[in-house]
Amino acid sequence: MSTPPATDTGTTTALGTATAGEPVDLVTAIVAALGPVGSGVTVLVGEDRDVLSALRARGPVVAVGSVVRAATDALPLVDAGAEAVVAVHALREVEDLDAAIAGFARVVGGGGRVVIAANALAHRRELRGVWATAARDCGVVDPPPLLDIDERFPLDHARAWMQRHLADVTVTPVRGSTTLDTAQVLALLRAERPDTAGVTWDLLASVAESRVRDVVAEHGGFTLSTLTGIATGVVREA
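Thresholds applied
Residues numbered from 1 in each chain as written. Predicted model: local features only at pLDDT ≥ 70, side-chain atom pairs only at ≥ 80, totals over all residues. Heavy atoms only, no water. Helix = DSSP H or I, 4+ residues; strand = E, 2+ residues; numbered from the N terminus. Buried < 20%, exposed > 50% of the residue type's maximum accessible area, 1.4 Å probe, protein only. Contact = heavy atoms within 4.5 Å. Areas by Shrake-Rupley, 256 points an atom, 1.4 Å probe, with all protein chains shown as cover. Core = buried A, V, L, I, M, F, W, Y, C linked by side-chain atoms within 4.5 Å. Salt bridge = Lys/Arg side-chain N within 4 Å of Asp/Glu carboxyl O. Expected span 1.5 Å × (residues − 1).

Undergrad: Which residues make up the overall build of the protein chain, and what values go with them?
TA: A tally of regular secondary structure across the protein chain gives eight helices and six strands. Secondary structure elements in the protein chain, listed N-terminal to C-terminal, are α-α-β-α-β-β-α-β-α-α-β-α-α-β. Of all 238 residues assigned to the protein chain, the portion counted as buried reaches 46%. Long-range contacts, defined as pairs at least 24 residues apart, comprise 77% of the intrachain contacts of the protein chain with a sequence gap of at least 6. Accessible surface, the protein chain: about 11,600 Å² in total, of which carbon and sulfur atoms supply 52%.

Undergrad: Can you explain the nonpolar core? Please cite residues and give values.
TA: Core analysis: the largest hydrophobic core is formed by 31 residues, its most contacted members being Val45, Leu91, Phe104, Ile116, Phe153, Met162 and Leu166. Secondary structure elements with two or more residues in this core: β1 (42–45), β3 (84–88), α4 (97–108), β4 (113–119), α6 (158–162), β5 (166–180) and β6 (222–235). Here the element with the most residues in this core is α4; it accounts for seven residues. Once residues within four sequence positions are removed from consideration, Phe153 is found in contact with Leu91, Leu97, Ile101, Ile116, Ala118, Asn119, Ala158, Trp161 and Met162. With 22 residues, the next largest nonpolar core counts Ala135, Leu186, Leu189 and Phe222 among its residues.

Undergrad: A description of the pattern of salt bridges should follow, citing residues and the corresponding values.
TA: The tally for this structure, following the rule as stated, stands at seven salt bridges. Here Arg152 makes a salt bridge to Glu95, at a shortest N to O gap of 3.8 Å. Of this pair, Arg152 sits in the loop between α5 (125–137) and α6 while Glu95 sits in the loop between β3 and α4, and the two are 57 residues apart along the sequence.

Undergrad: I'd like a description of α4, backed by residues and values.
TA: Along its 12 residues, α4 runs 17 Å from first to last C-alpha, staying within 8% of the 16 Å computed at 1.5 Å per residue. A large share of α4 lies buried, amounting to 10 of its 12 residues. Within α4, the full set of buried residues consists of Leu97, Asp98, Ala99, Ala100, Ile101, Gly103, Phe104, Ala105, Val107 and Val108. Residues of α4 that are buried make contact with β1, β3, β4, α6, β5 and β6.

In structure tokens:
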């Protein structure tokens, strides 16, 4: 397994405040990061129909889907055979992140671009607030955190990971929000709850449901802030 890099505090700070000119959605950010359309192939790692459609509109695409997510370093492609690699939330289950990113660089070759999309640590932070508050209301003094599928490779640490293998690494955050009903919020809490919480799920869910219903009744929905984005790097010339 890769040794985690030192926390990139500069990147984390940059993600905290919106700046003018940020892209409004992930697809726009990815297309902009790839730059001018070339004649080469773009490799898409991960499954995202919107990204796939946008890449196909630019030129030829090889989509490897989710089959190689657990071993991205073993991409079934020749060295330097692609113009760019785009990985969309594809590093969540990868054990060796260094090998995965090195594999992207191998496939692209010198001068090509690697674009990796990931969620930030603050993604849907309001959900964690509901969880912690409901757990404390149930008598849990120190609630365990929700499970975080993005913990292995959050956008906040992308620069530190990618600079090991790529040059000119930049991070572009994409901020937004989504409004959910009570059932959708509870479904997310159920999916991300830890194995042990110090209280039964039924009790915690009933308390959380009451709180969420109050918010939905007052505001017409429960709004979660979304914070995702991309990290882009250039493969060094040999």
